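Listed below are the residues making up each chain.
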Amino acid sequence: QVKKKKALHIGADYHLLLYLSLLSNEIMDHVFKWYDMRTLLQRVNRWLHADPIATLVSVSFWSFLLIWVAPSLGWILFFKNIAYTVDAALRFILGIPMKREDGRCNASLSKELGEKELAIAITGCDFGLGRDLAYTLADRGFVVFAACNTQEGRKQFLSKKKQIVAVKCDVTIEEDIALFSSLVSSWLKYNSDDAGSSRSTRLPRYLHAVINNAGAATTGKGCSGVVDWLDISEYRNSMEVNFFGQVAVTKAFLPILKSQHLIGTRIINMSSVAGLLSGVGPSAYSASKFAMESFADTLRLELKNFGIYVVNVNPSFHRSTQQKATAPSKAMYIYSSGSSPNSPTRVTDIRNIDPTNRSRNEYYPQECYSPLKTQEQPDHDFNNTIFWEQTVLINEVVSCVELSKPPPRVIVGSDAKFFFYPLRLLPSSMQLKLLNVFTMMMEKLKLC
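Nothing here was measured: the structure is a model prediction, and the numbers come from that model.

## Examining the overall build of the chain
No. 1: What the chain contains, in helices and strands, is 13 helices and 9 strands.
No. 2: Taking the intrachain contacts of the chain between residues at least 6 apart in sequence as the baseline, contacts between residues at least 24 apart amount to 66%.
No. 3: Summed over all atoms, the accessible surface of the chain reaches about 26800 Å², with 62% contributed by carbon and sulfur.

Shown next, in the form of structure tokens:
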């Protein structure tokens, strides 16, 4: 019996030692594997960036995507489109609203039913898209806080005094932004239709959306032109308005949107197709829009758990009052002599370019500035230029405001939807070639 106990004790110790030995071996194996894996990955990374392997792998990778993955995704989208078409047809026949319209926000109905009042804060409402959006959303039952930079801009909203509150706000001035947000905050706290209403008739008020519309365009004061034609101030101005201004407005209204604890509020950024794909001329404008795209992508992830949507609207060329600006842009001027634009003797108007001037053409061939020369002339017939109707853009933004689940990105304009946006997904070398072909076609057809 004693021998049996000793045997059991020895067996237990043996199994314990065996278990510890196996555990330590497994831990060491993991350590060595992790070390070896990291070393292996570093070596593979170096090989993938060395010629000719780099070129071979890159071409093979894109070939695989375009030959195998892209067609597979195409078939998936094809069958999904069939299902959507059948669903839409049945809904149309039965008189049921389209699936996209389910739960669409109706500000007028919410107020009539005594549920709530909804407000929209919009920047850049002096003219163009911002002004038209303010009028359209006010007609649809929203209380609109329209931020204008000029006295003339604020005066135009006097006829809609009850539905549109015009506010002085320059998005490059922090004090103006603070006053703008505090005014909206005060309206939210004053839950009453009018000063004489009883507490029982007051409706809860919410800020439904913030629309970052203020922006510095590529015409007018001018931030368009070949890089070394532009002053550094042009780049700073574009970033101040198109990026830092929108970031400042967003940060000012974020505490309000979060404090409401309301699912479905949203921040809508009026970006551009130039924020997805760059072209010749608007380097300052494109840089600021690319910065805004990156900021919005990060913000969207951060606000997901708060139930706040972040939407980027990327339109192509749409006609607005901004196209009527007569102030010449920087693209209209080039350096007429000197060894380079950095050492000019005088400045000339781009409209007066002499194509036979060899000294200038050696530095800037005719192909460099011919598209800019055409587009920047004040007497240029914009009726021959493709500018889509702004009504389409307004309807898309209104949908972003009212849909229960707005998409993260909305591309507006047929050229943007079916050419520029798909072009963005291709390798850079293919982008350059296709852009050159597109530019040549537009020039020959006199559509730019």
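## Let's talk about the packing of aromatic side chains
No. 1: The tally for this structure, following the rule as stated, stands at 10 aromatic pairs.
No. 2: Considering the side-chain rings of Phe78 and Phe79, the 5.4 Å spacing of their centres and the 70° angle between planes classify their relative orientation as edge-to-face.
No. 3: Relative accessible area serves as the criterion here: at 52%, Phe79 is assigned to the exposed category.
No. 4: With a centroid separation of 6.3 Å and 85° between ring planes, the pair formed by Phe243 and Phe295 is classed as edge-to-face. Of this pair, Phe243 sits in helix α7 (residues 232-259) while Phe295 sits in helix α8 (residues 283-303); the two residues are 52 residues apart in sequence, bridging distant segments of the chain.
No. 5: Here the aromatic cluster, defined as three or more aromatic residues joined through ring pairs, consists of Trp75, Phe78 and Phe79.
No. 6: The lysine or arginine in question, Lys258, covers the ring of Phe306, its NZ or CZ lying 4.5 Å from the ring centre.

## Some words on α7
No. 1: The end-to-end C-alpha distance of α7 is 40 Å, a good match for the 40 Å that 28 residues give at a rise of 1.5 Å each.
No. 2: For α7, the principal kink sits at Glu240 and spans about 40°.
No. 3: Just beyond α7, the residue with positive phi is His261, at close to 55°.

## Focus on the pairing of strand β1 (residues 117-122)
No. 1: Of all 6 residues in β1, 6 are buried, a share of seventy percent or more.
No. 2: Sheet topology places β1 next to strand β4 (residues 205-212); 6 bridges connect them, and they run parallel. Opposite Leu118, over in β4, you have Tyr206 as the bridge partner.
No. 3: One ladder, built from 4 bridges, connects β1 with strand β2 (residues 143-148); its direction is parallel. The partner of Ile120 across the bridge, within β2, is Val144.
No. 4: On the question of chirality, the crossover connecting β1 to the parallel β2 by way of helix α4 (residues 128-139) is right-handed.

## Remarks on the nonpolar core
No. 1: Among the nonpolar cores identified, the biggest contains 31 residues, and Ile122, Leu137, Phe142, Val144, Ile211 and Val313 are the most heavily contacted of them.
No. 2: When residues of this core are traced back to their parent elements, those giving at least two are β1, α4, β2, β4, β5 (266-270), β6 (309-315), α11 (390-402) and β9 (409-412).
No. 3: In terms of residue count, the dominant contributor to this core is α11 (6 residues).
No. 4: In contact with Ile211, other than residues within four places in its own chain, are Ile120, Ala121, Ile122, Thr123, Leu137, Ile268, Met270, Val397 and Val401.
No. 5: Counting residues in hydrophobic clusters, the runner-up holds 29 residues, among them Ala147, Ile177, Ile256 and Ile308.

About the cut-offs
- Residues numbered from 1 in each chain as written.
- Predicted model: local features only at pLDDT ≥ 70, side-chain atom pairs only at ≥ 80, totals over all residues.
- Heavy atoms only, no water.
- Helix = DSSP H or I, 4+ residues; strand = E, 2+ residues; numbered from the N terminus.
- Contact = heavy atoms within 4.5 Å.
- Areas by Shrake-Rupley, 256 points an atom, 1.4 Å probe, with all protein chains shown as cover.
- Phe/Tyr/Trp six-rings, centres within 6.5 Å; stacked < 30°, edge-to-face > 60°.
- Buried < 20%, exposed > 50% of the residue type's maximum accessible area, 1.4 Å probe, protein only.
- Lys NZ or Arg CZ within 6 Å of the ring centre and 35° of its normal.
- Expected span 1.5 Å × (residues − 1).
- Bend = angle between axes of the 7 residues up to and from the residue.
- Pairing = 2+ DSSP bridges.
- Right-handed = clockwise from strand over helix to strand, strands pointing away.
- Core = buried A, V, L, I, M, F, W, Y, C linked by side-chain atoms within 4.5 Å.

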